[in-house]
Amino acid sequence: MNDTHGRFCWYELLTTDPDAAQAFYTQVVGWNARDSGMPGMNYTIFGVGEAGIGGMMKLTEECAVVGARTGWVGYVAVEDVDAHAQKVADAGGAIRMPPQDIPGIGRFAVVADPQGAVLTLFKPAPGSPEPQIPPMGTPGPARWRELYADDWQAAFGFYAPLFNWTKGDALDMGAMGTYQIYGRGEEMFGGMMNRPPNVPAAFWLYYFETGNIDEAKARIEAGGGQVVHGPSEVPGNAWIVQAIDPQGGMFGLVGTR
């Protein structure tokens, strides 16, 4: 199993208004934005300096037909996209978009776990450059990946053999239940919990690093977004907010205070 298998490697925003979303996120998170240069496709790359963090494309009818909605989708690196898409299906999940190539970029498939949360499986094309991840303390990169599940224990049982994920600490959140931290080996990079009653369906939420959390909250609101939770303190001397962008995509920010 290679070193990247099972690790999140990209984040993609599907949105109804790419121009408005670009203006919002470059202001709120501080990303730069550039066209990908892919022929026949309007695809924007969000970045920190020269490092690409994620991408953005318009939510098309083709995407909507297979159940796509406005919001962020995470890419997880796998050794074999076709084999792992089949493993998802065999374990009770669904293949939303079958394996296909992006010429010169890589091979991907969009899948959903048995509870309906969506991810993209991805393997870069041979010779692709290694992704550059800015160091901790740099605003912009995704730093945490959170699954709101119908049943987090069943979800972990699905993902662990698929991606070689292991359990970290389990935090008791009282009436909200258990928050299970997960990762690969010694590297913990996300958490799982049962979704609260006000969350209508299982989904993944991604937290991007920011600086001062109160200033970030003010930028969200000034840009027409809505903060739905926080700022709240979390372990590790960090603060988070959860927010919805003006087009309806949900995201998180993690910072300091």
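1. Let's talk about helix α3 (residues 81-90)
Point 1. Those residues of α3 that fall on the buried side of the exposure criterion are Val81, His84, Ala85 and Val88. Looking down the long axis of α3, one finds its buried residues gathered within 105° of arc, a one-sided arrangement.
Point 2. If you follow the buried residues of α3, they end up packed against β6 (94-102), β7 (106-112), β8 (118-124) and α4 (152-163).
Point 3. Looking at where α3 begins, the residue whose side-chain oxygen comes 3.1 Å from the main-chain nitrogen of aspartate 82 is aspartate 80.
Point 4. Once α3 ends, the next one or two residues include glycine 92, with phi positive near 100°.

2. Let's talk about the environment of valine 111
Point 1. Mapped onto the elements, valine 111 comes out in strand β7.
Point 2. With 43 residues separating them along the chain, valine 111 and alanine 68 place their C-alpha atoms 11 Å apart.
Point 3. Not counting chain neighbours up to four residues away, the residues in contact with valine 111 comprise Ala85, Val88, Ala94, Ile95, Arg96, Ala117, Val118, Leu119 and Leu121.

3. Topic: unusual backbone geometry
Point 1. Looking along the chain, the bond that leaves glycine 230 and enters proline 231 is cis, with omega of 5°.
Point 2. With respect to the helices and strands, proline 231 occurs in strand β14 (residues 226-234).
Point 3. Its identity is not glycine, yet asparagine 164 carries a phi of approximately 65°, on the positive side.
Point 4. Mapped onto the elements, asparagine 164 comes out in the loop between α4 and β10 (166-172).
Point 5. Residue classification places asparagine 164 among the partly exposed residues on the basis of a relative accessible area of 34%.
Point 6. We note that asparagine 237 has phi near 60°; this positive angle belongs to a residue other than glycine.
Point 7. Looking at the element boundaries, asparagine 237 is found in the loop between β14 and β15 (238-244).
Point 8. Classification of asparagine 237 as exposed rests on a relative accessible area of 62%.

4. Examining the pattern of salt bridges
Point 1. Per the stated rule, a full pass over the model turns up eight salt bridges.
Point 2. Several salt bridges share partner residues, and in doing so they unite Asp3, Arg7 and Glu187 into one network.

5. Looking at the side chain of serine 232
Point 1. Mapped onto the fold, serine 232 is located in strand β14.
Point 2. We classify serine 232 as buried; its relative accessible area is 18%.
Point 3. Within the structure, the side chain of serine 232 is placed 3.0 Å from the side chain of histidine 229, a separation counted as a polar contact.
Point 4. Other than its neighbours up to four places away in sequence, serine 232 contacts Ala238, Trp239 and Ile240.

6. Thoughts on the environment of phenylalanine 158
Point 1. The topology assignment puts phenylalanine 158 in helix α4.
Point 2. Using a relative accessible area of 10% as the deciding quantity, one classes phenylalanine 158 as buried.
Point 3. Sequence-wise, phenylalanine 158 and glycine 52 are 106 residues apart; in three dimensions their C-alpha atoms are separated by 29 Å.
Point 4. With residues near it in sequence (within four places) discarded, phenylalanine 158 still touches Val88, Ala91, Asp113 and Pro114.

7. Focus: the sheet that holds strand β11 (residues 178-184)
Point 1. One open sheet accounts for eight strands, arranged β10-β11-β12-β9-β13-β16-β15-β14; its pairing is mixed. Two strands close off the open sheet at either side, each with one partner strand: β10 and β14. For this sheet the average axis-to-axis angle between neighbouring strands, irrespective of direction, equals 25°.
Point 2. Pairing analysis gives six bridges linking β14 to β15, with the strands arranged antiparallel. Looking across to β15, one finds that histidine 229 is bridged to glutamine 242.
Point 3. Its contacts with the sheet put α4 on β9 (142-149), β10, β11, β12 (187-194) and β13 (203-212), and the angle it makes with β12 is roughly 150°.

Calculation notes
- Residues numbered from 1 in each chain as written.
- Predicted model: local features only at pLDDT ≥ 70, side-chain atom pairs only at ≥ 80, totals over all residues.
- Heavy atoms only, no water.
- Buried < 20%, exposed > 50% of the residue type's maximum accessible area, 1.4 Å probe, protein only.
- Helix = DSSP H or I, 4+ residues; strand = E, 2+ residues; numbered from the N terminus.
- Arc of directions from axis to C-beta.
- Contact = heavy atoms within 4.5 Å.
- Polar contact = N/O pair within 3.5 Å; in protein donor to acceptor, adjacent residues only side chain to side chain.
- Salt bridge = Lys/Arg side-chain N within 4 Å of Asp/Glu carboxyl O.
- Pairing = 2+ DSSP bridges.
- Axes fitted to C-alpha atoms, helices over the stretch in contact; angles between N-to-C directions.

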